[in-house]
Amino acid sequence: WLAALRIESHNHPSFVEPYQGAATGVGGILRDVFTMGARPIALWNQIRFGSLDHPHNRYLFSGVVAGIAGYGNAVGVPTLGGEIAFDPVYAGNPLVNVMCLGVLQRDQLVLGTAGDEGSMAVLLGNATGRDGIGGASVLASASFDEDSGTKRPSVQVGDPFEEKKLIEACLELYQKGLVVGVQDLGAAGLSCAVSEPAARADMGMDVDLGAVHTREPDMTAPELLMSESQERMMAFVAPDRLDEVLAVAKKWEIDAAVVGTVRTGGTLTIRHDGEVVAEMPAASLSEDAPVYDRPLGEPHWLENVWDNTMQLMRPPAVDEALLRLLDDPSIGDAAWAYEQYDHMLFLNTVVGPGHDGSLVRVKGTSKGLAVSTDGNGRQCYLDPRRGGALLVYEAALNVALTGAEPIAVVDNLNFGNPEKPEVMWQFRETIEGISEACEMLSTPVVGGNVSFYNETEGNDIYPTPVVGLLGLADPMPEDPPRLDRAEEGMEVWLIGPPGARNLAGSAFEQVIAGHVGGRPDAPDAFMAQSVVEVAIQNAAKGLAPAVHDLSDGGFAVALAEMCIASGVGVTVDFSDWIGLFAENPHRFIAAVPPEHADALQELADHHDVPVTRKGVFGGDEIRFDNGGPESASVSLTDATATWTGAIPRRMG
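Residues numbered from 1 in each chain as written. Predicted model: local features only at pLDDT ≥ 70, side-chain atom pairs only at ≥ 80, totals over all residues. Heavy atoms only, no water.

Draft legend 1. Structural detail: the sheet that holds strand β7 (residues 204-208). What the seven strands build is an open sheet, ordered β6-β8-β5-β9-β7-β10-β11; its pairing is mixed. In this open sheet, the two strands that pair with only one neighbour each are β6 (181-184) and β11 (275-281). Taking the axes of each pair of neighbouring strands and ignoring which way they run, one obtains an average angle of 20° across the sheet. The sheet contact formed by strand β5 (residues 120-125) and strand β9 (residues 256-263) spans five bridges and is antiparallel. Its bridge partner lying in β9, L123 is registered against A257. Most of the contacts of helix α8 (residues 242-251) go to β5, to which it runs at about 5°, and overall it touches β5, β8 (232-237) and β9. (Pairing = 2+ DSSP bridges. Helix = DSSP H or I, 4+ residues; strand = E, 2+ residues; numbered from the N terminus. Axes fitted to C-alpha atoms, helices over the stretch in contact; angles between N-to-C directions. Contact = heavy atoms within 4.5 Å.)

Below, the structure written as structure tokens:
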């Protein structure tokens, strides 16, 4: 078996028209995966918006979630998770990143090549219209201003039912061996779909735009070439297999037309109404495209931000701080969104939304595939190299907690205006950080996407890379750990480095203090690998049935989320309130049955991973005890109501 994975952004279209922008983002990522010969089996999304206190941000959030649900549910691919975040820096430029996973047999792999001389280019799927002209190719290369609403006609319009037919038709073409190559029609439409495969094959092509099936009259040659109408694929077919290809298209009730023929010589010739309207080397639009060498430089303000650490006049009340964090919609229950998604399609979902990583079984085998998608704009703003590396290690730990070994990464790099040297510096540093972490984990980066010009009125978003990490569980644990399996009498263990004290870029710093400053700690690559291995072995041996990584909100929030999900209280010791909310990496909480304590301790010791026994689950309160006036408790009822209502209360 092979896995195909891909991540893409639809940031700019989703700001202009949130429903269709998000929906066509899902459609595009599905085509990227089944173009390879794989059947898409799961989707994830990473979405970011401005504060929900503003009605326009609520409109964008609601529309994007509805678009993801409307397309994914209708096309029949489950959405298993992702991440939702809200921050004022995304108010004028929301981020909508979508990841897809597919599986295929090795002999089903199809590449985007035009094949040999005489191969025929067959355009499959929807008719071509004027919707989406300049959609991804133009919107993604411009910043937003007060006139952005006028760009609405550039957003593509999706048809998930047509996509479903296209998926099944293409998979049948692959199964029967009827195509030599396939290319989806995405950004820049037909112009890329003919030039890129021809260039890969070191060939040219004659293209007849008059053969393109259209749904609008009098379309010009530029419109036909640049339209980004959805649900279209280009198949390259040997002449003696053409009739069989057309028969498959007819069976699935999709349009099909021969629009070109592959030629030697490397020249791409475009004709419209019998006239040559363009002629150039095919490679000039892909391999020979211009390469920018933009200036870059460390931001002049960076060291001042590092020095500007959070200062509090007095220690916070732990109970009040915890409730405020649980009420933050970036931390609170995301069920308002993911309950709109169908996550049980195909009945292969083992661990679904609401947990650290998703886990799906590979039907007919003992294997499972785990995925986690992670992003943290605040930490990457404070230190893009450290922030990028920390994302990889967090995603690796998330899939490890399900029992899977990290095997591959895709990334979606969301940045501001690349014409600014400080943005290009952030871009380079982030890539270096991701690269360093992936090298330490021996995890290849197999694909990705870059989204620039995420700025409005000159204000850039935080540098926001998103990492999608794939893990393999072979064999899959019989009963993988989950967030919701803590029980009364189980011990609370903190597995990983003790003594966390860095609040830089933390949720506490932003939500409680209204501050973003300081510098995140550098990751410890060797500790990261060791903690990942402990997590994998814990799942395989069935020692701790409930686990949860420490990220937004630190130990206190992770513990509260486990209590809420499991319906049980807890009492834990602490010595310093900072340690409750610090977000230092390479740590997770485990709910450990007493009878498994010795085995888990032995496992951690074997990998030189520190373990701190913090307390015991039980009762109906979340209690933090230091034997002094800073001791605090929150009723499980209040914590649950606050956490589950964080988004619905704001959405109305």
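Draft legend 2. Molecular detail of unusual backbone geometry. Put simply, D474 and P475 share a cis peptide bond, and its omega is 0°. As for its position among the elements, P475 is in the loop between β19 (464-473) and β20 (491-495). The backbone of A188 sits at a positive phi, close to 70°, despite the residue not being glycine. Structurally, A188 is set in the loop between β6 and α6 (189-200). Overall, A188 belongs to the buried group, its relative accessible area being 11%. Its identity is not glycine, yet D273 carries a phi of approximately 55°, on the positive side. Among the secondary structure elements, D273 is positioned in the loop between β10 (267-272) and β11. (Buried < 20%, exposed > 50% of the residue type's maximum accessible area, 1.4 Å probe, protein only.)

Draft legend 3. Up close: the side chain of E17. By the secondary structure assignment, E17 is in the loop between α1 (11-16) and α2 (18-34). Accessibility expressed as a relative area gives 19% for E17, which makes it buried.

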